[in-house]
Amino acid sequence: AQSVTQLDSHVSVSEGTPVLLRCNYSSSYSPSLFWYVQHPNKGLQLLLKYTSAATLVKGINGFEAEFKKSETSFHLTKPSAHMSDAAEYFCVVSDAGSGNTGKLIFGQGTTLQVKP
Amino acid sequence: EPEVTQTPSHQVTQMGQEVILRCVPISNHLYFYWYRQILGQKVEFLVSFYNNEISEKSEIFDDQFSVERPDGSNFTLKIRSTKLEDSAMYFCASKSSRLAGLQETQYFGPGTRLLVL
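Residues numbered from 1 in each chain as written. Chains lettered and ligands numbered in written order. Predicted model: local features only at pLDDT ≥ 70, side-chain atom pairs only at ≥ 80, totals over all residues. Heavy atoms only, no water.

J.: Give me the lowdown on the overall build of chain B, citing residues and values where you can.
T.: Assigned secondary structure in chain B consists of 0 helices and 11 strands. If you list the helices and strands of chain B from N to C, you get β-β-β-β-β-β-β-β-β-β-β. Here the C-alpha radius of gyration of chain B, 14 Å, is about what a compact globule of 117 residues would show, namely 13 Å. Along the longest, intermediate and shortest principal axes, the C-alpha atoms of chain B span 40 × 30 × 30 Å. Here chain B, with 117 residues, has 48% of them falling under the buried criterion. Here the analysis covers contacts within chain B between residues at least 6 apart in sequence; of these, 55% occur between residues at least 24 apart. By element, 48% of the accessible surface of chain B is carried by carbon and sulfur atoms, the whole surface being about 6,000 Å². Averaging the coordinates of the 11 positive side-chain charges in chain B and doing the same for the 14 negative ones gives two points 1 Å apart. (Helix = DSSP H or I, 4+ residues; strand = E, 2+ residues; numbered from the N terminus. Rg over C-alpha atoms; globule rule 2.2 N^0.38 Å. Buried < 20%, exposed > 50% of the residue type's maximum accessible area, 1.4 Å probe, protein only. Contact = heavy atoms within 4.5 Å. Areas by Shrake-Rupley, 256 points an atom, 1.4 Å probe, with all protein chains shown as cover. Lys, Arg positive; Asp, Glu negative; His and termini not counted. Charge placed at Lys NZ, Arg CZ, Asp CG, Glu CD.)

Structural data, given as structure tokens:
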């Protein structure tokens, strides 16, 4: 069965400094991985997704993630944090073993705080 | 840009009452999902729906839950007799087709916060 583990429940950075949100996955298939963001009182918005075309995936708002099979990781990074990046971030895997219904399996979430 | 909408944004109900949560998926999408997030816990899959029938459901989705697509636009989740533990944020999601398989993006609504007293 697929699963994802987000290694930090809370990350705090200063504005202008790099962001690293960590995610490890477990999958017996070649996984489809996503990062979603949730701003307060908003829906879940897709940041980026890994589709096996390239291991370094670029997303919206300057975020990117690198798929590392040897480390079973899919960490999310951004070179320079902005105040508007403060939100909840979810690492997600699509369940390959469910008859292709594509249900999503979520990590616990990481709250990103950006200090001025 | 098309988006998934959900109503109401908040719902307060008494234990044992029925609630219906409504979703309008993106218009050309074919796959529909409900997820929920109990406060402080993970987002959990409840049910997927395709071609007017349930394609998969989780253990959470027991006989108290049902889904329906009553017309060409709405997708509803009904909880027949609410329990305290049903208090959660409920998210609706949709995706367009099976062609991209598991890589297809699911688009989420803003959620309905349900509080059962």
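That was the structure; now back to the text.
J.: How would you explain the side chain of Gln6(A) if you had to name every residue and give the values?
T.: Residue and element names in this part refer to chain A. Within the element layout of this structure, Gln6 appears in strand β1 (residues 3–6). Owing to a relative accessible area of 8%, Gln6 belongs among the buried residues under this scheme. A polar contact of 2.9 Å, which involves the side chain of Gln6, links it to the backbone oxygen of Tyr89. There is a polar contact of 3.0 Å between the side chain of Gln6 and the backbone nitrogen of Cys91. Apart from the residues within four sequence positions on either side, Gln6 is in contact with Arg22, Cys23, Trp35, Tyr89, Phe90, Cys91, Gly107, Gln108, Gly109 and Thr110. (Polar contact = N/O pair within 3.5 Å; in protein donor to acceptor, adjacent residues only side chain to side chain.)

J.: So, the state of the cysteines: which residues are in play, and what are the values?
T.: Residue and element names in this part refer to chain A. For the structure on display, the rule yields 2 disulfides over all chains. The disulfide that involves Cys23 links it to Cys91, with 2.0 Å between the sulfurs. An S-S torsion of about -65° defines the bridge between Cys23 and Cys91 as left-handed. Of this pair, Cys23 sits in strand β4 (residues 23–26) while Cys91 sits in strand β10 (residues 87–94); the two residues are 68 residues apart in sequence, bridging distant segments of the chain. (Disulfide = S-S within 2.5 Å.)

J.: Go over the interface of chain A and chain B with me, naming the residues and quoting the values.
T.: On the chain B side, the residues contacting the 26 residues of chain A number 21 residues. Each partner contributes to the roughly 2,000 Å² buried at the junction of chain A and chain B, and carbon and sulfur atoms together form 52% of this total. Along the contact surface separating chain A from chain B lie 1 salt bridge. Across the pair Lys103(A) and Glu56(B) runs a salt bridge whose closest N-O atoms are separated by 2.9 Å. Joining chain A to chain B, the criterion identifies 5 residue pairs in polar contact (both at pLDDT 80 or more). Secondary-structure elements contributing two or more residues to the side of chain A that touches chain B are β5 (33–38), β6 (44–50), β10 and β11 (104–106) of chain A. (Buried area = accessible area lost by both parts, 1.4 Å probe. Salt bridge = Lys/Arg side-chain N within 4 Å of Asp/Glu carboxyl O.)

J.: Lay out the environment of Lys95(B) in plain terms, naming residues and giving numbers.
T.: All names here are of chain B. Looking at where Lys95 falls in the secondary structure, it is placed in strand β9 (residues 88–95). A residue is classified by how much of its surface remains accessible, and Lys95, at 2% relative accessible area, is buried. Separated by 70 residues in sequence, Lys95 and Pro25 place their C-alpha atoms 8.5 Å apart.

J.: Could you give an account of unusual backbone geometry, with specific residues and numbers?
T.: Look at the link from Thr7(B) to Pro8(B): it is a cis peptide, with omega at -10°. Looking at where Pro8(B) falls in the secondary structure, it is placed in the loop between β1 (5–7) and β2 (10–13). In the Ramachandran plot, Thr72(A) falls in the positive-phi region, its phi being about 45° despite a non-glycine side chain.

J.: Go over the packing of aromatic side chains with me, naming the residues and quoting the values.
T.: Taken as a whole, this structure holds 19 aromatic pairs over all chains when the rule is applied. Taken together, the ring pairs in this structure connect Phe34(A), Tyr36(A), Phe90(A), Phe106(A), Tyr33(B), Tyr35(B), Phe45(B), Phe91(B) and Phe108(B) into an aromatic cluster. In this structure, Lys95(B) is placed above the aromatic ring of Tyr31(B), and the distance from its NZ or CZ to the ring centre is 5.2 Å. (Phe/Tyr/Trp six-rings, centres within 6.5 Å; stacked < 30°, edge-to-face > 60°. Lys NZ or Arg CZ within 6 Å of the ring centre and 35° of its normal.)

J.: Run through the sheet that holds strand β8 (residues 75–79) of chain B, naming residues and quoting values.
T.: All names here are of chain B. Taken in spatial order, the 4 strands line up as β1-β3-β8-β7 in an open sheet, and their pairing is antiparallel. Where the open sheet ends on each side, the last strands, each with one partner, are β1 and β7 (65–68). Neighbour to neighbour, the strand axes of the sheet diverge by 20° on average, direction disregarded. As paired elements, strand β3 (residues 19–24) and β8 share 5 bridges and run antiparallel to each other. Bridging from a neighbouring strand, Cys23 pairs with Phe75 of β8. (Pairing = 2+ DSSP bridges. Axes fitted to C-alpha atoms, helices over the stretch in contact; angles between N-to-C directions.)

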